[in-house]
Amino acid sequence: MSVAFRIRCCLCRNNISLAGDVIALDGEWQRRYPDMHGTLACERCVVTYGWKSCTTTTGAFVDGHIAAPEDVVDVDFFGHLLERGTHRALVIRHPHSGLLQGAESYLRWLADRKDTLPDVAATLREALQEWDSARRGCVTAELAAS
């Protein structure tokens, strides 16, 4: 049986409704909203925080603009939505954000499950190892400071 989890939106930090999709955001969103916690968002925030143009009145991209993927028209926030999907699908495709946003127990369960595809399990184990190392580093730094 699968492990239950909830994803907190990277922008508003509220739980994303299980009835709704999750939307993965790209680097331009992170540049514009540096306080984002992860990259998985709820639809309400995407619409609320979205912007109308990636260019200035002269037609040049705004300073520091991070280009959308090559196959996307880069004119507004819609070009900077990486993908939309279920909670499970997107935490598997974006495990680092999944860990930050509340899916740690699910990702650990899935990484250890026998019938998880080997390449998926390897990717999840790598993300979990980085996560654990970073957390150990934080604890070590806190102990050294005290």
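Residues numbered from 1 in each chain as written. Predicted model: local features only at pLDDT ≥ 70, side-chain atom pairs only at ≥ 80, totals over all residues. Heavy atoms only, no water.

Peer 1: What is the right way to read the overall build of the protein from this model?
Peer 2: Of regular secondary structure, the protein possesses six helices and three strands. Secondary structure elements of the protein, listed N to C terminal, follow the sequence β-α-β-α-β-α-α-α-α. Along the first, second and third principal axes, the C-alpha atoms of the protein reach 55 × 40 × 30 Å. Per-residue burial for the protein yields a buried fraction of 35% across its 146 residues. Expressed as a percentage of contacts within the protein between residues at least 6 apart in sequence, the contacts between residues at least 24 apart total 57%. Surface summary for the protein: the accessible area is close to 8900 Å², and the carbon and sulfur share equals 55%. In the protein, the 16 positive side-chain charges and the 19 negative ones have mean positions that sit 8 Å from each other. (Helix = DSSP H or I, 4+ residues; strand = E, 2+ residues; numbered from the N terminus. Buried < 20%, exposed > 50% of the residue type's maximum accessible area, 1.4 Å probe, protein only. Contact = heavy atoms within 4.5 Å. Areas by Shrake-Rupley, 256 points an atom, 1.4 Å probe, with all protein chains shown as cover. Lys, Arg positive; Asp, Glu negative; His and termini not counted. Charge placed at Lys NZ, Arg CZ, Asp CG, Glu CD.)

Peer 1: What am I meant to see in helix α5 (residues 104-112) here?
Peer 2: Of the residues making up α5, those classed as buried are Tyr106, Leu107, Leu110 and Ala111. The buried residues of α5 occupy one face: seen down the axis, they fall within an arc of 130°. (Arc of directions from axis to C-beta.)

Peer 1: Where do I start with the packing of aromatic side chains in this structure?
Peer 2: To describe a pair of aromatic rings, one takes the distance between the centres and the angle between the planes. A complete count under the given rule lists eight aromatic pairs for this structure. Summarising the aromatic geometry, the rings of tryptophan 29 and tryptophan 51 are spaced 4.8 Å apart at their centres and angled 55° between planes, so their arrangement reads as tilted. Linking tryptophan 29 in helix α1 (residues 27-32) with tryptophan 51 in the loop between α2 (43-49) and β3 (81-85), this pair joins segments that are 22 residues apart in sequence. Side by side, tryptophan 29 and tryptophan 51 carry an identical accessibility label, which is buried. Three or more aromatic residues joined by ring pairs make a cluster, and in this case those are Trp29, Tyr33, Tyr49, Trp51, Phe77 and Phe78. One Lys or Arg, arginine 32, reaches over the ring of tryptophan 51 and ends 4.0 Å from the middle of that ring. (Phe/Tyr/Trp six-rings, centres within 6.5 Å; stacked < 30°, edge-to-face > 60°. Lys NZ or Arg CZ within 6 Å of the ring centre and 35° of its normal.)

Peer 1: What am I meant to see in the environment of proline 95 here?
Peer 2: Position of proline 95 relative to the elements: it lies in helix α4 (residues 95-101). Classification of proline 95 by relative accessible area gives buried; the value is 7%. Proline 95 sits 24 residues away from aspartate 71 along the chain, and the two C-alpha atoms are 24 Å apart. Other than its neighbours up to four places away in sequence, proline 95 contacts Leu107, Thr123, Leu124 and Ala127.

Peer 1: Explanation requested: the pattern of salt bridges in the structure shown.
Peer 2: Oppositely charged side chains can pair when the atoms bearing their charge come close. If you walk through the whole model with that rule in mind, you get nine salt bridges. Where aspartate 115 meets arginine 113, a salt bridge forms, and the shortest distance between an N and an O atom there is 2.9 Å. The exposure class of arginine 113 is partly exposed, given its relative accessible area of 36%. One connected set of salt bridges, linked through shared partners, spans Glu104, Arg108, Asp132 and Arg135. (Salt bridge = Lys/Arg side-chain N within 4 Å of Asp/Glu carboxyl O.)

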